[in-house]
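# Reading the structure
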2 protein chains.
Amino acid sequence: MAATIRDVARLAGVSPSTVSRALSLPGMVNATTRARVAAAVEQLGYEPNRAARGLITGRTGTIGLVVPDLANPFFAGLTKGVQARARRHDVAVFVADTDEDPGVEAGLVRALAKQVDGVVLCSPRAGDAELAAIAQETTVVLVNRAAEGLPGINFDNEDGMRQSVAHLVALGHRRIAWVGGPASSWSTQHRGLGLRNAAEALGAQLVPVGNFAPTYEGGMAAADQVVATGATAVVAYNDLVAVGLLARLHSRGISVPGDLSVVGVDDIAMSGMARPALTTVRLPTQEAGRLAVELLLAMLDDPSAAFAAHRDLHGELIVRDSTGPARDPGDGRTHGSKGSSA
Amino acid sequence: MAATIRDVARLAGVSPSTVSRALSLPGMVNATTRARVAAAVEQLGYEPNRAARGLITGRTGTIGLVVPDLANPFFAGLTKGVQARARRHDVAVFVADTDEDPGVEAGLVRALAKQVDGVVLCSPRAGDAELAAIAQETTVVLVNRAAEGLPGINFDNEDGMRQSVAHLVALGHRRIAWVGGPASSWSTQHRGLGLRNAAEALGAQLVPVGNFAPTYEGGMAAADQVVATGATAVVAYNDLVAVGLLARLHSRGISVPGDLSVVGVDDIAMSGMARPALTTVRLPTQEAGRLAVELLLAMLDDPSAAFAAHRDLHGELIVRDSTGPARDPGDGRTHGSKGSSA
DNA sequence: TTGAAAGCGCTAACAC
DNA sequence: GTGTTAGCGCTTTCAA
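As the structure is a prediction and not an experimental result, all values here were calculated from the model. (Residues numbered from 1 in each chain as written. Chains lettered and ligands numbered in written order. Predicted model: local features only at pLDDT ≥ 70, side-chain atom pairs only at ≥ 80, totals over all residues. Heavy atoms only, no water.)

## A word on the protein's contact with DNA strand C
How we decide: Think of it this way: one heavy atom of a residue within 4 Å of a molecule or strand is enough to make that residue near it. Whenever two N or O atoms come within 3.5 Å, that pair is a polar contact, provided that in protein one can donate a hydrogen and the other can accept it, and provided that, for residues adjacent in sequence, both atoms are side-chain atoms.
As a structural note, the neighbourhood of DNA strand C is formed by 24 residues, with Thr18(A), Thr33(A), Ile5(B), Tyr46(B) and Arg53(B) the closest of them. The protein-proximal atoms of DNA strand C, defined as those within 4 Å of the protein, are 65% sugar or phosphate. Backbone polar atom of Asn30(A) to a phosphate oxygen of DNA strand C: 2.8 Å apart, as the coordinates give it. Contact distances for DNA strand C include 3.3 Å between a base nitrogen and a backbone N or O atom of Ala52(B).

If you want it as structure tokens, here you go:
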């Protein structure tokens with residue numbers, strides 16, 4: 001068995017409480033005793049039992065991270081950031097993947113909440129009321145979702161969408177399709193909003209084509225509807241969707257960016273590897289994860305303090321080959337049959 | 001505060017131990033008392049404190065998962081599998097990402113080991129001796145790495161490589177390059193071995209071009225050396241590397257599969273989306289994660305039992321567009337200058 | 001500055 | 001079948 005605090009105490013010739021203090025509150029113990037304790041700790045390879053400590057302090061030294069889908073590189077990046085920063089603080093991370101299932105999400109968070117000091121909740125599908133209820137039970141930091149009264153790390157979706165639209169308008173696009181993600185997704189709503197505002201401000205027309213799964217398959221499924229709108233450019237919910245669009249467009253013989261320009265969001269690794277390489281709004285995912293941890297730990301350290309309700313991280317438009325000049329408007333309805341009625 | 005076992009006991013009019021038994025060993029308690037306890041538990045929303053339970057049982061209900069890089073879809077898939085299966089067993093998972101840093105790995109595993117019942121170690125870079133030392137401290141299941149005396153879930157690399165070579169030979173390839181991953185990687189060694197054996201058995205020549213980072217960038221870096229070998233086909237360490245190869249080959253104007261056929265390993269999502277779509281050996285990553293958890297939990301349940309040292313999961317060759325007939329041998333040295341001396 | 005004692009919430013002997 | 005007791009390893013009053 002591993003050494004306990006009593007073993008250390010015996011070896012150092014002091015009481016267990018002194019060992020405890022030497023480790024947690026070094027200032028309160030004589031330098032020489034402290035050295036003796038340190039030596040004994042070293043010799044025994046002693047490491048305090050966290051469960052026992054947690055039992056009395058009420059802190060577990062553990063946080064939870066809930067993501068919709070680890071296979072989505074966006075969340076993988078986030079997870080890396082969370083996990084790396086937590087380690088720096090000697091905090092362990094429970095990771096839970098909800099598989100994009102809102103039903104699983106709530107129960108999972110509740111279960112997790114009992115075992116951790118706090119939870120980082122990424123892109124939750126739960127409603128505001130449910131989130132508020134969860135926040136009653138444990139300390140919560142939201143990522144990629146704003147909710148009244150709850151702290152969170154977000155991306156400046158409006159601005160990212162504005163950059164995209166500005167880019168497309170500069171290339172001559174006036175009719176821009178928008179492929180949304182899940183309807184319940186906060187970022188779908190905000191990106192849609194940002195696009196609408198930007199389009200209006202910049203004199204372009206935005207054509208929403210509905211909600212699709214935030215996956216490659218979702219993009220494949222959306223492609224034909226996008227074409228039918230007669231738009232010369234399309235903004236996709238995320239890069240996975242955009243790459244799916246690219247694939248389906250290619251197999252239909254529609255040239256990108258010749259016939260249609262495509263913009264994604266996230267800048268996952270795959271986007272740079274796509275052909276044509278994808279123009280996208282780069283989101284600092286790892287950074288978001290790191291900030292979420294810092295925020296959560298700060299809240300835990302000082303529960304009474306008020307924390308900035310949320311923080312917006314700036315996204316940066318990365319222009320690659322999937323966007324180009326708008327095609328001649330005369331071509332506008334070449335590929336779609338419903339375009340004229342849309 | 002959350003309800004404790006004493007609250008439940010008081011409400012149900014029984015002793016704490018009865019509550020404990022009603023929950024852990026229902027068979028040992030009268031049906032009617034059990035019902036009373038259940039009602040009280042329900043009413044109070046009681047959930048046992050795992051730390052307290054762990055303090056006495058010596059089990060934390062937690063396992064650790066160590067991966068080199070969560071951003072690599074291969075490990076993301078593995079993590080999903082581990083995490084999903086663990087949840088079914090009501091076990092929580094600490095996830096740690098070593099960032100491909102062998103120096104971090106050892107320390108991380110040691111630290112983790114103190115907080116969990118067991119650890120799933122994926123593709124560890126550590127040497128056999130070090131792994132053995134870790135296994136002394138905690139229960140370990142290896143994934144994607146075999147080591148003497150340690151249980152593990154592996155992929156049948158030899159067979160996967162044999163399938164690849166057979167496919168290429170059938171297409172007329174006789175000179176096949178091999179782009180290895182990190183030299184310290186167990187799978188690099190075994191894939192290399194499998195390729196060598198298969199090539200020999202099937203009358204092809206294998207040309208190793210060295211070790212590269214298991215990333216897109218690694219593939220980019222390897223491409224020119226591959227071309228220089230004069231090989232008509234190349235097997236890459238994994239799909240990320242293969243996609244990197246594809247990209248660099250494309251920018252050099254080398255046609256795939258016209259001039260060079262490319263085969264990867266893993267079948268990550270990206271591979272199907274690449275252009276040309278990548279022929280690859282599909283590895284059942286989630287399955288591996290699930291099996292690793294089952295094995296680990298079985299070992300924990302019965303520490304004295306002997307477990308199969310390891311289990312090999314079969315990989316399946318997925319043929320896509322990146323492989324085709326070998327080009328005319330006369331073309332063999334078109335792109336490379338060192339080809340004739342290699 | 002240090003030690004003794006109590007107790008965090010739970011389970012496991014041991015009685016009954 | 002159930003209650004009583006003790007104690008897991010640690011921190012934290014309270015005294016000294």
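Structure's up, so let's keep going.
## Points about the packing of helix 10 (residues 216–228) of chain B against helix 11 (residues 239–251) of chain B
Helices that pack against each other are described as a pair by the angle of their axes relative to one another and the distance between those axes. Residues and elements named next belong to chain B. Using the following cut-off: Between N-to-C directions, angles cover 0 to 180 degrees, with each direction set by a line fitted to C-alpha atoms, over the stretch in contact for helices. The numbering of helices and of strands both runs from the N terminus, where a helix is a DSSP run of H or I of at least 4 residues and a strand a run of E of at least 2. An angle below 35 degrees is treated as roughly parallel, one above 145 as roughly antiparallel, one from 65 to 115 as roughly perpendicular, and anything else as oblique. The handedness criterion is simple: a crossing whose near helix is rotated anticlockwise from the far helix by less than a right angle is left-handed, and one whose near helix is rotated clockwise is right-handed. Any pair of residues with heavy atoms lying within 4.5 Å of one another is described as a contacting pair. Charged residues are taken to be Asp, Glu, Lys and Arg, nonpolar residues to be Ala, Val, Leu, Ile, Met, Phe, Trp, Tyr, Cys and Pro, and polar residues to be all remaining types, Gly included.
One way to put it is that helix 10 packs onto helix 11 with a least axis distance of 6 Å and a crossing angle of 55°. The pairing of helix 10 with helix 11 is recorded here as oblique in orientation. Pair helix 10 / helix 11 crosses with right-handed handedness. Where helix 10 approaches helix 11, its residues Tyr216, Gly219, Met220, Ala222, Ala223, Asp224, Val226 and Val227 are matched on the opposing element by Leu240, Val241, Val243, Gly244, Leu245, Ala247, Arg248 and Leu249. Split into classes, the residues belonging to the contact of helix 10 with helix 11 amount to 12 nonpolar, 2 polar and 2 charged.

## Looking at the relation of the copies chain A and chain B
Stated precisely, the cut-off is as follows: For this overlay, a least-squares fit was computed on C-alpha atoms, restricted to residues scoring pLDDT of at least 70 in both copies.
Rotating chain A by 180° about the axis while translating it 0.0 Å along that axis superimposes it on chain B, leaving an RMSD of 0.1 Å. What the superposition gives is, in effect, a two-fold axis relating one chain to the other. When the interface residues of chain A are mapped onto chain B, 100% of them again fall at the interface, so both copies present the same face.

## Some words on the sheet that holds strand 9 (residues 261–266) of chain B
Residues and elements named next belong to chain B. Short version of the rule: Here, a strand pair is defined by DSSP locating no fewer than two bridges between the strands.
The sheet built from 6 strands is open, its strands ordered 7-6-8-9-10-12 with mixed pairing. Lying at the two open borders of the sheet, with one neighbouring strand each, are strand 7 (205–211) and strand 12 (316–318). Strand-to-strand twist across the sheet, computed as the mean angle between neighbouring axes with direction ignored, equals 20°. Across 4 bridges, strand 9 lies against strand 10 (residues 279–282) in parallel orientation. Paired with Gly264 across the two strands is Thr280, which belongs to strand 10.

## Here we look at the environment of Gly61(B)
Residues and elements named next belong to chain B. Relative to the helices and strands, Gly61 is located in the loop between helix 4 (50–57) and strand 1 (62–67). C-alpha of Gly61 to C-alpha of Gln225: the two residues are 164 residues apart in sequence and 49 Å apart in space. Among residues more than four places away in sequence, those in contact with Gly61 are Arg50, Asp90, Val91, Ala92 and Asp117.

## Points about the UniProt feature "domain: HTH lacI-type" (unreviewed entry) in chain A
Quick note on the threshold: UniProt positions are given in the numbering used here, feature names are shortened, and annotations may be inferred rather than shown by experiment.
Mapped onto this numbering, the UniProt entry annotates "domain: HTH lacI-type" (unreviewed entry) at residues 3–57 of chain A. Annotated as residues 3–57 of chain A, this span is 71% helix and 0% strand, and its ends, taken at the C-alpha atoms, are 21 Å apart.

## Some thoughts on the interface of chain A and chain B
Convention followed: The quantity reported as buried area is the accessible area (1.4 Å probe) lost by two parts once they are put together, taken as the sum for both. Between Lys or Arg on one side and Asp or Glu on the other, a salt bridge is scored when a side-chain nitrogen of the former is within 4 Å of a carboxyl oxygen of the latter.
With 37 residues of chain A at the contact, the number on the chain B side is 37 residues. Note on chain A versus chain B: buried area summed over both sides is about 3200 Å², and carbon and sulfur give 63% of it. When the area that chain A buries against chain B is broken down by residue, the three leading residues are Lys80(A), Met273(A) and Arg275(A), summing to 22%. Linking chain A with chain B are 6 salt bridges, by the criterion used here. Close ionic contact of Asp97(B) with Lys80(A) constitutes a salt bridge, the shortest N to O distance being 3.0 Å.

## Digging into the pairing of strand 6 (residues 175–180) of chain A
Residue and element names in this part refer to chain A. Operational definition: The classification of residues rests on relative accessible area computed with a 1.4 Å probe and restricted to protein chains. Under 20% of the type maximum is buried, over 50% is exposed, and intermediate values are partly exposed.
Counting buried residues in strand 6 gives 6 out of 6 residues, a clear majority hidden from the surface. Bridge count between strand 6 and strand 7 (residues 205–211): 5 bridges; the pairing is parallel. If you follow Trp178 over to strand 7, its bridge partner there is Pro208.

## Observations concerning the protein's contact with DNA strand D
Around DNA strand D, a shell composed of 25 residues is seen, among which Ile5(A), Tyr46(A), Arg53(A), Ser17(B) and Thr18(B) lie nearest. Sugar plus phosphate: this is where 60% of the atoms of DNA strand D within 4 Å of the protein reside. One of the backbone nitrogen or oxygen atoms of Ile5(A) is found 2.3 Å away from a phosphate oxygen of DNA strand D. With respect to DNA strand D, the backbone of Ala52(A) contributes an N or O atom lying 3.3 Å from a base nitrogen. Elements that contribute at least two residues to the surface near DNA strand D include exactly helix 2 (16–24) and helix 4 (50–57) of chain A together with helix 2 (16–24) and helix 4 of chain B. In terms of residues, the surface near DNA strand D owes the most to one element, helix 4 of chain A, which gives 5 residues. Of the residues belonging to the surface near DNA strand D, the class tally is 11 nonpolar, 11 polar and 3 charged.

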